[in-house]
Amino acid sequence: MTTYEDRTTSPDSSAVRKVPTGPARRGPSGIEPARITAGQPGAKRGAVTRRGGRARIDGKGVYYKTLNEQLREEIQRGATKVVLDNIIGQRYIGTGLAYPGVTVTINGVPGNDLAAFMNGLTLIVNDNAQDGVANTMNSGLVIVNGNAGDVVGYGMRGGSVYVRGDVGYRVGIHMKAFGDSRPLVVVGGHARDFLGEYMAGGEIVVLGLGGDKSRAVGSYVGTGMHAGVMYIRGTVAEHQLGKEVRIAEPDEADRARILAIVTDYSRAMRMDPEPILEQSFVKIYPYTSRPYGRLYVY
Amino acid sequence: MALTTFIPSEFRVVIDKDACLQCGRCVRQCGWNVYGWDEDERRPVPDHSKCSACHRCVTYCPGGAISIKKNELAFKQSDSMSPDLIKAIWKQAETGGVQLTGMGNDKPYLRIFDHLLLDACQVTNPSIDPLREPMEMRTFLGRKPDLVEVAADSEGGGLRLVTELDRQLQLETPIMFGGMSYGSVSLNVHRSIAMAAEELGTFMNTGEGGLHADLEPYQDHIIVQCASGRFGVDSSYLQAGAAVEIKIGQGAKPGIGGHLPGEKIDYEVSVTRMIPQGTDALSPAPHHDIYSIEDLRQLIYALKEATGYKPISVKIACVHNVAAIASGVVRAGADIIYLDGFRGGTGASPTIIRDHVGIPLEIAVATVDQRLRDEAIRNRASIVAAGGIRSSADVAKAIALGADACAIGTAALVALGCHVCQKCHTGSCSWGICTQRPELTRRLDPEWGASQVVNLVNAWTHELAEVLGALGVNAIESLRGSRERLRGLGLDKMTLDILGIKPAGL
C-alpha cells in the first residue's frame with residue numbers, strides 16, 4: 001500500500017499502454033499528489049469496527065477523500081454514532097453532510113473546512129480544530145474542545161459552534177440569519193481581530209475565560225456589521241470597535257438570551273455556568289442595517 | 001432624485017402631436033416615470049431628464065408618435081473635458097456619491113475582436129458545406145487526463161479505457177450563459193434562460209443570488225455560483241447544480257464586491273438568497289477564506305467534497321497578470337476557468353471601475369491559453385471566454401484564440417428586449433429584465449423569452465458552422481486554439497505577438 005506522497009506517478013502495469021495527449025511536456029510538470037489516485041481503488045482505507053449503530057474508523061494515514069467517503073458510508077449503513085480516531089489534519093470532515101441525529105466524534109486534530117456546508121450533524125472534536133470551521137454551515141452543532149483557527153463560521157446561516165478555547169481572526173465573518181435559522185458561535189476563550197466582520201445576522205458570544213480578562217476580543221470588532229448581535233463578557237474599549245457598531249449594556253431580553261446560551265454551552269462543555277455569569281457582558285450591535293445606503297449616486 | 005441644478009437632460013422625448021392617439025400607453029409603459037398626463041389637453045407630458053432611451057414607449061406607442069433624440073445642446077468643444085465628465089462632476093458635487101452604472105464598459109478602447117480576421121479555404125483544401133455535411137459543435141468542459149491509459153480488452157480483443165475520467169459538462173454548442181443573479185435580473189429572465197439552456201443543451205449560471213425553486217426542473221443545465229457573500233449557498237443548492245462556479249471576480253468590476261441594495265430584496269429574492277427582506281446584500285470583495293492559491297484549492301476541494309466531485313469552475317476577471325493567476329487557478333484544481341473580460345456586463349458597478357479596470361478578453365484568452373500550454377497544464381482545465389461576446393464572429397475568434405467555449409450575458413438580455421440603456425442599477429427597467437417591480441417583471445413572458453434566446457443561440461451556432469465549413473474543418477474542436485487561422489488587421493506588432501497571431505498579409 002502506498003501513501004499519497006509516494007504516488008507522484010500514475011500506476012504502471014505491463015497491460016497498460018500510455019497514450020500521451022495534449023502538447024509535449026515543457027516547463028514544470030506541476031504534479032499534484034493530492035489529485036492523483038486519492039480515493040481511487042488502491043488508496044488506503046481506515047480500519048472500521050462496528051457495533052450496533054456505532055462505528056469507529058481509524059484515520060491513521062488515511063487520505064481525507066477516502067476518510068470522508070468511509071464516514072459517509074458508515075452513516076449510510078445506519079451508524080448514528082461514528083468515532084474517528086487518529087485524525088491528523090484531514091480536511092473537510094463533515095463537509096456537505098446533512099444527517100441530523102448523527103454524532104461524529106473526532107479524536108485528534110481535524111484539518112481545514114471542518115463542517116463546511118454542513119446541514120445537520122453533531123461534530124465533537126476532542127482537540128484543536130484548524131481554519132474554516134463551519135464555513136457556510138446551514139445547521140448542526142460543532143463542539144471543539146480546544147482552540148479553533150481563523151474564519152470560524154464564515155457565511156454561516158444556522159446551527160451552533162461551541163469552542164472551548166481561543167479562536168483566530170475574522171471569526172463569524174458574514175454570518176447571516178434567515179427565517180428560523182439563526183447561527184450561533186460561542187467562544188470560551190479569546191477571539192482575535194475582525195470578529196463578526198460584515199456580520200449580517202446571528203449571534204456571537206465570547207466569554208474570555210482564562211488569560212487576560214480585560215481583552216476578550218481583538219480590534220476592529222464588527223467592522224461592516226449590519227445585522228445580528230455580539231455579547232462579550234467583560235469590557236470592550238471603544239477603540240476596539242469597527243466604525244459600524246455601537247456598544248451597550250445588555251437589556252433584559254439580552255440577559256435572558258445570554259443566560260440561555262451560556263447554560264447550553266456549559267452543558268455541552270460540562271462546565272458550571274454560575275462563575276461565567278457572575279461577570280457582566282456588553283452587547284455590540286450595528287447602528288444601521290444599511291451602512292452603505294447613501295454611498296452611491298445614480 | 002431629480003438633479004436639476006445644472007444638468008441638462010441626456011435625451012429629448014419628442015412626441016408628434018398629430019400622430020399621438022392620446023391613449024396614455026406611454027405613461028403606463030415607462031418604468032422611469034418620464035411621462036406625466038395633462039388632464040386638460042389629454043396628452044402625455046414628458047420629463048426629459050428621466051428618460052434613459054430604453055425605447056419601451058417608442059416600441060409600444062400605437063401611433064408611432066414618439067421618438068427619442070439626443071439632447072444636442074452644444075457644449076464648447078473640448079476633447080479633454082467632455083460633456084459627460086462635466087455632468088458627472090455636477091452630479092457628484094451635488095451628492096458626494098460614488099457614480100454607479102450598469103451593463104459593460106462603453107468607452108472607445110480598441111475593440112480587438114474587430115481587428116481579427118478569420119481564414120477560409122480556397123482551391124487547395126476544399127471548404128465544407130455545413131448544410132449538407134455534419135458539423136460537430138459538441139463541447140466538453142472539464143479536466144482532461146494527462147495521459148489516457150488503455151488496456152487490452154480480454155473479451156472483444158479491442159482496447160478499453162483504464163483512466164477514470166473526471167466529470168465533464170456536455171454542451172451541444174460552445175455557447176453558454178454567464179452568471180446573472182436573481183435579484184439583479186428578474187425571475188422571468190432566469191426562467192427564460194433556464195428553459196433556453198435546457199432546450200439548447202447548454203448551461204445557464206445562477207450568479208450569486210441562489211437558485212429559485214421554480215428553476216429546480218432545469219438543474220441539470222444550471223451551474224450554481226458560490227461567491228464571497230455565499231448568498232443562497234447551502235448543501236442542497238450545491239448538489240442541485242451540474243457544476244459549481246467559484247466567483248472570484250467579474251470583468252465589469254474586478255477586485256470589488258457586490259452590493260444589492262435593500263430596496264431590491266423583496267420576499268422572493270430574500271428567500272432565494274436566504275437573507276432577510278430589505279437588508280443590503282453585501283458581497284465582500286474577496287472570499288475571506290481565500291487569500292492564496294492554496295486557499296482557493298481548499299475551497300475547490302470543499303465544494304468537490306460537498307457535491308460528490310462535480311466540475312468546479314473558477315471565474316476571474318481579466319486583469320494585468322491574468323496568465324499567471326490562471327496558472328495558479330488551474331493548479332489549484334479548477335476544472336474550468338472562466339475569463340471575464342473588461343467589457344463584461346454588470347447589474348451595478350461603480351463607473352470608475354467598470355470603465356478603467358481590467359484588460360480585454362481577447363488578450364486574456366490568448367495569454368492564458370499560451371501560458372497553460374507552455375506549462376503543459378492546458379488539458380487540466382477548460383477555458384470559457386466571456387465579457388464582451390457580441391456575435392458569433394466573436395465566439396469563433398475567441399475559440400480560435402484558445403477558448404473552449406464562450407458565455408454570453410448582455411447578448412442574451414438583448415434577445416429578451418434589453419436596449420442596453422445602462423440603467424440596470426436603478427431597478428426600473430421598463431423591459432422587465434433588470435427589475436423586481438412586479439408590474440414590470442410580468443412584461444417578460446418566459447416562454448417567449450426562452451424562444452428568443454434559443455433562436456439567437458441556434459442562429460449563432462449555424463453561423464459558427466458556416467465559419468468552420470469555410471475553414472475546411474468539420475468540428476469546433478479543430479478551430480480551438482488554432483491561431484494560425486486568424487490574422488490581425490491594424491494591430492501593432494506587440495499586440496500581435498501577445499495574441500500569437502500574424503498580421504494580414506503574412
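Residues numbered from 1 in each chain as written. Chains lettered and ligands numbered in written order. Predicted model: local features only at pLDDT ≥ 70, side-chain atom pairs only at ≥ 80, totals over all residues.

J.: So, the overall build of chain A: which residues are in play, and what are the values?
T.: On a plain count of helices and strands, chain A comes out with four helices and 14 strands. Here chain A, with 298 residues, has 48% of them falling under the buried criterion. A separation of at least 24 residues holds for 41% of the contacts in chain A among residues at least 6 apart in sequence. (Helix = DSSP H or I, 4+ residues; strand = E, 2+ residues; numbered from the N terminus. Buried ≥ 20, exposed ≤ 12 C-beta atoms within 10 Å, placed from the backbone. Contact = placed C-beta atoms within 7 Å.)

J.: Got a sec to walk through the overall build of chain B? Specific residues and values, please.
T.: Of the regular secondary structure elements, chain B holds 16 helices and 23 strands. Taking 2.2 N^0.38 as the reference for a compact globule, 506 residues should give roughly 23 Å; the C-alpha atoms of chain B span a radius of gyration of 24 Å, in line with that estimate. Dimensions of chain B along its principal axes, counting C-alpha atoms only, are 90 × 55 × 45 Å. For chain B, the residues scored as buried account for 53% of the 506 residues in total. Within chain B, contacts between residues at least 6 apart in sequence are counted, and of these 69% link residues at least 24 apart. (Rg over C-alpha atoms; globule rule 2.2 N^0.38 Å.)

J.: Could you give me a rundown of the sheet that holds strand E23 (residues 502–503) of chain B, with the residues and numbers involved?
T.: All names here are of chain B. Spatial ordering of the open sheet is given by E6-E22-E23, a layout of three strands whose pairing is mixed. Because the sheet does not close on itself, it has two edges, and the strands there are strand E6 (116–118) and E23. Pairing of strand E22 (residues 486–488) with E23, which is carried by two bridges, proceeds in the parallel orientation. The residue bridging Gly488 from the neighbouring strand is Pro503, located in E23. (Pairing = 2+ DSSP bridges.)

J.: Run through helix H14 (residues 446–471) of chain B, naming residues and quoting values.
T.: In a regular helix each residue adds 1.5 Å, so 26 residues correspond to 38 Å; H14 of chain B covers 37 Å between its end C-alpha atoms and thus fits that length. Taken from the residues just after H14 of chain B, Gly472 of chain B is the one with a positive phi, measuring 80°. (Expected span 1.5 Å × (residues − 1).)

J.: Describe the domain arrangement of chain B, with residues and values.
T.: All names here are of chain B. For chain B, the assigned domains are domain 1 (11–97) and domain 2 (163–503). The gap between the C-alpha centroids of domain 1 and domain 2 is 33 Å. Across the boundary between the two partners, domain 1 contributes nine residues, which contact nine residues of domain 2. When grouped by side-chain class, the residues that make up the side of domain 1 that touches domain 2 number four nonpolar, four polar and one charged. (Domains from an automatic or database assignment. Nonpolar A, V, L, I, M, F, W, Y, C, P; charged D, E, K, R; others polar.)

J.: Please set out the environment of Arg215 of chain A residue by residue, giving values where relevant.
T.: Residues and elements named next belong to chain A. Here Arg215 shows up in the loop between strand E10 (200–206) and strand E11 (227–233). For Arg215, a count of 15 C-beta atoms within 10 Å puts it in the partly exposed group. Taking the C-alpha atoms as reference points, Arg215 and Ile232, 17 residues apart in sequence, are found 9.7 Å from one another.

J.: Describe the nonpolar core, naming the residues involved and giving the relevant values.
T.: Residues and elements named next belong to chain B. Among the nonpolar cores identified, the biggest contains 212 residues, and Ile337, Leu339, Val365, Val384, Ala385 and Cys406 are the most heavily contacted of them. The element contributing the most residues to this core is H14, with 10 residues. Not counting the four nearest positions on each side in its chain, Val384 is found in contact with Met176, Ile336, Tyr338, Leu339, Ala403, Asp404, Ala405, Cys406 and Ala407. (Core = buried A, V, L, I, M, F, W, Y, C linked by C-beta atoms within 7 Å.)

J.: Let's hear about the interface of chain A and chain B: which residues, and what values?
T.: Facing 55 residues of chain A, the contacting portion of chain B comprises 51 residues. Where the side of chain A that touches chain B is concerned, the elements lending two or more residues are strand E1 (16–20), E10 and strand E14 (296–297) of chain A. With five residues, the single largest contributor to the side of chain A that touches chain B is E1 of chain A. Residue composition of the side of chain A that touches chain B, grouped by class: 22 nonpolar, 22 polar and 11 charged. When E14 of chain A meets strand E5 (residues 98–101) of chain B, the two strands line up parallel, connected through two bridges. What sits directly across from Val297 of chain A, in E5 of chain B, is Gln99 of chain B.

J.: Describe the pairing of strand E21 (residues 405–408) of chain B, with residues and values.
T.: Residue and element names in this part refer to chain B. Across the two faces of E21 the burial is the same, with Ala405 and Ala407 and Cys406 and Ile408 all buried. Both strand E11 (residues 175–177) and E21 contribute to a ladder of three bridges, which runs parallel. Its bridge partner being in E21, Met176 is matched across the sheet by Ala407. By the bridge criterion, three bridges tie strand E20 (residues 382–386) to E21 in an arrangement that is parallel.

J.: Residue-level account of the confidence of the model for chain B, with values.
T.: Overall, the predicted model of chain B reaches an average pLDDT of 94, with 99% of residues at or above 70. Across the assembled chains, the prediction reports ipTM 0.87 with pTM 0.91. (pLDDT = per-residue confidence, 0-100.)

J.: Now, about the sheet that holds strand E9 (residues 184–187) of chain A: what can you tell me, with residues and values included?
T.: Residue and element names in this part refer to chain A. Pairing is mixed in the open sheet, where 12 strands are placed in the order E2-E3-E4-E5-E6-E7-E8-E9-E10-E11-E13-E12. A strand with exactly one partner marks an edge of an open sheet, and here the two such strands are strand E2 (48–51) and strand E12 (245–248). Ignoring strand direction, the axes of neighbouring strands in this sheet form an average angle of 15°. Note: strand E6 (residues 119–125) against strand E7 (residues 139–144), five bridges, orientation parallel. Bridge pairing in E7 places Val125 opposite Val144. (Axes fitted to C-alpha atoms, helices over the stretch in contact; angles between N-to-C directions.)

J.: So what about the pairing of strand E14 (residues 243–247) of chain B? Which residues, and what values?
T.: All names here are of chain B. Within E14, five of the five residues are buried, which leaves it mostly tucked inside the rest of the structure. Alternating positions in E14 separate into two faces, Ala243, Glu245 and Lys247 on one and Val244 and Ile246 on the other, with burial throughout. Pairing of strand E13 (residues 222–226) with E14 involves four bridges; the strand directions are parallel. Counterpart to Val224 in the pairing with E14 is Val244. Handedness of the β-α-β unit built from E13, helix H5 (residues 235–240) and E14 comes out right-handed. (Right-handed = clockwise from strand over helix to strand, strands pointing away.)

J.: Could you give me a rundown of the packing of helix H11 (residues 392–401) of chain B against H14 of chain B, with the residues and numbers involved?
T.: All names here are of chain B. In contact at an axis separation of 9 Å, H11 and H14 are set at 50° when each is read in the N-to-C sense. Here H11 lies oblique to H14, going by the angle between them. Here H11 and H14 pass one another in a crossing that is right-handed. Residues Ser392, Val395 and Ala396 of H11 lie in contact with H14, whose contacting residues are Trp460, Glu463, Leu464 and Val467. Of the residues in the contact of H11 with H14, the class split is five nonpolar, one polar and one charged. (Parallel < 35°, antiparallel > 145°, perpendicular 65-115°, else oblique. Left-handed = near helix turned anticlockwise from the far one by under 90°.)

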